[in-house]
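Here is what each chain is made of, one letter per residue.
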Amino acid sequence: MLKAVVFDLDGVITDSAAYHYEAWKQIADEMSIPFDKEYNERLKGVSRLESLNLILDNGPGRDSMSDEEKEEIATRKNEVYKELIKKITPKDLLPGIGEVLKACKAGGLKTALASVSKNAPYIIDRLGVGKYFDYMADAAKIERSKPFPDIFLDCIHALGVDPSESVGVEDAEAGIAAIKAAGMKAVGVGSPESMWQADVVLSSTAELSVEVFRKLI
Ligand code: BG6
Ligand code: MG
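Residues numbered from 1 in each chain as written. Chains lettered and ligands numbered in written order. Predicted model: local features only at pLDDT ≥ 70, side-chain atom pairs only at ≥ 80, totals over all residues. Heavy atoms only, no water.

Got a minute to help me understand a negative patch on the surface in this structure?
A cluster of like negative charges, contributed by Asp 67, Glu 68, Glu 69 and Glu 71, occupies part of the molecular surface. Its location among the elements puts Glu 69 in helix α4 (residues 67-85). (Patch = residues over 30% accessible without salt bridge, like charges linked within 9 Å, V, L, I, M, F, W, Y side chains within 5 Å. Areas by Shrake-Rupley, 256 points an atom, 1.4 Å probe, with all protein chains shown as cover. Salt bridge = Lys/Arg side-chain N within 4 Å of Asp/Glu carboxyl O. Lys, Arg positive; Asp, Glu negative; His and termini not counted. Charge placed at Lys NZ, Arg CZ, Asp CG, Glu CD. Helix = DSSP H or I, 4+ residues; strand = E, 2+ residues; numbered from the N terminus.)

So, in structure tokens, the structure goes:
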């Protein structure tokens, strides 16, 4: 029986994935490293520092700078990103998200947020949807980022449910891989090419529903 649904944030609850791209694009341009939306797909769901490594892989290589320099660049990216997310309001919930969160609660399902972003609490606050989550993972305490299952396992343990009774919702390849590695059912939102491992892929968040989740278990 379905007991819990675990949601990713960036690109699922709101379109902050676009802001991550905008901020990294600015940084990549400054470093004269080619970076476009296609390459950006690899960064989705990946930690801040690993995202920078992936960008460097497309230029001088991840070993071309010291950890201190990387830290400085990642902090600068985050400053740009933080400016962009100040604009977020409750109107920026992706289509159907408010409805599906309410339906999960009405249907007696437990819910959690599995975002590796350290900005997640701020964004959830801006969107005004904190009350719909029984648990929000603390990105600072998650050792291995997606595609490792750690953050999803942390969520289901906190909710006190079994992976086999849980569904995860993601918009990125690394996220779907993390859900599957946790032994859960995976719902992908977005392009099927990057989410071939998902149990079902929907083209829009507007198609998410408790019925879609229940059918998977
Ligand atoms: C994930 C995003 O949710 O969070 C990644 O998909 C991002 O693109 C990661 O790198 C870390 O986010 P932040 O806000 O801590 O830099
Ligand atoms: Mg995402």
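Let us keep going from here.
Help me understand helix α3 (residues 48-57), please; the structure alone is not making it clear to me.
Along an α-helix, residues three or four apart share an orientation, since each turn contains 3.6 residues. When we look at burial in α3, the residues that qualify are Ser 51, Leu 52, Asn 53, Leu 54, Ile 55 and Leu 56. Where α3 is buried, its residues touch α1 (16-30), α2 (37-40) and α4. (Buried < 20%, exposed > 50% of the residue type's maximum accessible area, 1.4 Å probe, protein only. Contact = heavy atoms within 4.5 Å.)

Explanation requested: the domain arrangement of the chain in the structure shown.
Interfaces are often described in size by the accessible area the parts lose on coming together. In terms of domains, the chain is made up of domain 1 (4-15 + 91-216) and domain 2 (17-87). The distance between the C-alpha centroids of domain 1 and domain 2 comes to 24 Å. Summed over both sides, the interface between domain 1 and domain 2 buries roughly 1200 Å², with carbon and sulfur atoms accounting for 46% of that surface. Interface area lost by domain 1 to domain 2 is led by Asp 15, Asn 119 and Tyr 122, which between them contribute 34%. Run the count over domain 1 and domain 2 and you get 0 salt bridges. Counting residues per element, the side of domain 1 that touches domain 2 draws most heavily on helix α6 (residues 120-127), at 3 residues. Within the side of domain 1 that touches domain 2, the residues separate by chemical class into 5 nonpolar, 4 polar and 7 charged. (Domains from an automatic or database assignment. Buried area = accessible area lost by both parts, 1.4 Å probe. Nonpolar A, V, L, I, M, F, W, Y, C, P; charged D, E, K, R; others polar.)

Help me understand the sheet that holds strand β2 (residues 110-113) in this model?
Strand pairing in a sheet relies on backbone hydrogen bonds, with the paired strands running either antiparallel or parallel. The strand order across the open sheet formed by 6 strands is β3-β2-β1-β4-β5-β6, and the pairing between neighbours is parallel. Whereas interior strands pair on both sides, the edge strands pair on one side only; in this sheet they are β3 (135-136) and β6 (200-202). Note that strand β5 (residues 185-189) and β6 share 3 bridges and pair parallel. Counted as the bridge partner of Val 187 is Val 200 from β6. Where helix α5 (residues 97-106) meets the sheet, it contacts β1 (4-7) and β2, and its direction lies at approximately 155° from that of β1. In the packing of helix α7 (residues 150-159) onto the sheet, contacts are made with β1, β2, β3 and β4 (166-170), and the angle to β2 comes to roughly 145°. (Pairing = 2+ DSSP bridges. Axes fitted to C-alpha atoms, helices over the stretch in contact; angles between N-to-C directions.)

I'm lost on the nonpolar core in this one. Help?
Note that soluble globular proteins tend to have their nonpolar side chains buried in a common cluster. Judged by nonpolar contacts, the single largest core of 36 residues is most densely connected at Phe 7, Ile 13, Phe 133, Val 169, Val 187, Leu 208 and Phe 213. When contributions to this core are tallied by element, the ones reaching two or more residues are β1, α1, α4, α5, α6, β4, β5 and α9 (210-216). Residue assignment places this core across two domains, with domain 1 (4-15 + 91-216) and domain 2 (17-87) each supplying three or more. Counting residues in each nonpolar core, the second largest holds 21 residues, with Val 116, Ile 142, Ile 176 and Ala 178 among its members. (Core = buried A, V, L, I, M, F, W, Y, C linked by side-chain atoms within 4.5 Å.)

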